[in-house]
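If you want the building blocks of each chain, they are given just below.
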Amino acid sequence: MSSIANNLHTVEKKLSLAAEKAQRQRGEITLLAVSKTQPASALREAYDCGQRHFGENYLQESLDKIELLRDLDIVWHFIGPIQSNKTRPIAEKFAWVHSVDRLKIAQRLSTQRLFDSAPLNICIQVNISAEESKSGCSVDEVEKLADEISKLPNLRLRGLMAIPAASKDSSELETTFARMQSLLDTLRQKHPEMDTLSMGMSADMDSAIANGATIVRIGTAIFGPRNYK
Ligand SMILES: *Cc1c(COP(=O)(O)O)cnc(C)c1O
């Protein structure tokens, strides 16, 4: 087996185990393969192993890969920071956007979504650890933003996304994931269509799954270390 096939197999086993421990069904959790900096050939290899959901952070790089892999039935997720003057290709080429953190971006995505495409699935990125340097809306702003996004045509508000602050303390991370879960629970009273919690990466997927993650975003554990040039 190739290393990507091997890695996917290992990640799959971990996912199943984490789901079982959390008394959840494996089918409730989508594995998003985070393929930033990886060549199209690596994505093709993962696809050949059955992987369908891929997450990209950098717009130009992702557009090149979408073009190269257009013969495949891939579900593309945009998970990186969004500049407001670069929303059009995201609105046109992706099925999901996890990193919406302000109304202006959502409005542009809604306007620019092609009329014959399904609504664009949206997660609001929450700066759950209140880090100065991180993108994401604050916990205080999220309800208002959800209310506004839910009214936009061409978008489908699906849930929340977070990248918790790096921490060596696993109980701190656990608490952060739990706060995300309760935030989504609260929003669901008003917006029952919100069914998605995008959280958990290679190092912390167990804890994320224990706290209700429905999409885990796994890069390194599938593709190996990234090569930033
Ligand atoms: C890179 C990235 C990931 C994947 O991280 P790994 O540690 O490689 O699993 C997940 N989410 C986001 C938003 C990322 O930018």
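Let me begin by describing the structure that accompanies this report. (Residues numbered from 1 in each chain as written. Predicted model: local features only at pLDDT ≥ 70, side-chain atom pairs only at ≥ 80, totals over all residues. Heavy atoms only, no water.)

### Focus on the site of the ligand
And step 1. Within the structure, the ligand sits among V34, K36, N57, I79, I163, M201, S202, R217, I218, G219, T220 and R226.
And step 2. With respect to the ligand, the backbone of G219 contributes an N or O atom lying 2.8 Å from an oxygen atom.
And step 3. One of the side-chain nitrogen or oxygen atoms of T220 is found 2.5 Å away from an oxygen atom of the ligand.
And step 4. Starting from 380 Å² of accessible surface for the ligand in isolation, the protein chains cover 87%.
And step 5. Here the shell around the ligand is built from residues that sort into five nonpolar, four polar and three charged. (Near = heavy atom within 4 Å. Polar contact = N/O pair within 3.5 Å; in protein donor to acceptor, adjacent residues only side chain to side chain. Areas by Shrake-Rupley, 256 points an atom, 1.4 Å probe, with all protein chains shown as cover. Nonpolar A, V, L, I, M, F, W, Y, C, P; charged D, E, K, R; others polar.)

### Some words on unusual backbone geometry
And step 1. Even without glycine at this site, T37 takes up a positive phi of about 70°.
And step 2. In this structure, T37 sits in the loop between β1 (30–34) and α2 (40–48).
And step 3. The backbone of A130 shows a phi angle near 45°, a positive value even though the residue is not glycine.
And step 4. A residue is classified by how much of its surface remains accessible, and A130, at 64% relative accessible area, is exposed. (Helix = DSSP H or I, 4+ residues; strand = E, 2+ residues; numbered from the N terminus. Buried < 20%, exposed > 50% of the residue type's maximum accessible area, 1.4 Å probe, protein only.)

### Side note on the side chain of D204
And step 1. Residue placement: D204 occurs in the loop between β7 (196–198) and α8 (205–210).
And step 2. Despite its burial, D204 pairs with no opposite charge; the closest candidate is R217, at 7.3 Å N-O.
And step 3. Other than its neighbours up to four places away in sequence, D204 contacts L173 and F177. (Lys, Arg positive; Asp, Glu negative; His and termini not counted. Salt bridge = Lys/Arg side-chain N within 4 Å of Asp/Glu carboxyl O. Contact = heavy atoms within 4.5 Å.)

### Some thoughts on the environment of G50
And step 1. Looking at the secondary structure, you find G50 in the loop between α2 and β2 (53–56).
And step 2. Judged by relative accessible area, G50 falls into the partly exposed class, the value being 46%.
And step 3. A C-alpha to C-alpha distance of 24 Å links G50 and R158, two positions 108 residues apart in sequence.

### Describing the packing of aromatic side chains
And step 1. In this structure the tally under the stated criterion is two aromatic pairs.
And step 2. Geometrically, the ring pair formed by F54 and W76 is tilted, given 6.2 Å between the ring centres and 45° between the ring planes. Here F54, found in strand β2, pairs with W76, found in strand β3 (residues 75–78); they are 22 residues apart in sequence, far enough to count as distant. Across the pair, exposure class does not vary: F54 and W76 are buried alike.
And step 3. Centre to centre, the rings of F78 and F94 are 5.3 Å apart; their planes meet at 85°, and the pair counts as edge-to-face. (Phe/Tyr/Trp six-rings, centres within 6.5 Å; stacked < 30°, edge-to-face > 60°.)

### Quick notes on the nonpolar core
And step 1. Among the nonpolar cores identified, the biggest contains 63 residues, and L109 and L160 are the most heavily contacted of them.
And step 2. Those residues within four positions of L160 in sequence are excluded, and the remaining contacts are C123, I124, V126, V142, M180, L183, L184, L187, M194, T196, L197 and S198.
And step 3. If you look at the next biggest cluster of nonpolar residues, it comprises seven residues, including L32, I79, C123 and M161. (Core = buried A, V, L, I, M, F, W, Y, C linked by side-chain atoms within 4.5 Å.)

### Quick look at the side chain of S62
And step 1. Looking at the element boundaries, S62 is found in helix α3 (residues 59–68).
And step 2. On the basis of relative accessible area, S62 is assigned to the buried category, the value being 0%.
And step 3. Excluding its chain neighbours within four sequence positions, the residues that come into contact with S62 are E56 and F94.

### A closer look at the pattern of salt bridges
And step 1. By the definition in use, this model includes 13 salt bridges.
And step 2. Between E131 and K134 there is a salt bridge; the shortest N-O distance is 2.8 Å.
And step 3. Notably, a salt bridge pairs E143 with K190, separated by 2.7 Å at the nearest N-O pair. Of the two residues, E143 sits in helix α6 (residues 142–150) while K190 sits in helix α7 (residues 170–190), which places them 47 residues apart along the sequence.

### Some details on the pairing of strand β4 (residues 96–100)
And step 1. Counting buried positions over the five residues of β4 gives five, a clear majority of the element.
And step 2. Sheet topology places β3 next to β4; two bridges connect them, and they run parallel. Its bridge partner being in β4, F78 is matched across the sheet by V97.
And step 3. Sheet topology note: the β4/strand β5 (residues 120–126) ladder contains three bridges and is parallel. Bridged to V100 within β5 is I124.
And step 4. The parallel pair β4 and β5 is bridged by helix α5 (residues 103–112), and the resulting crossover is right-handed. (Pairing = 2+ DSSP bridges. Right-handed = clockwise from strand over helix to strand, strands pointing away.)

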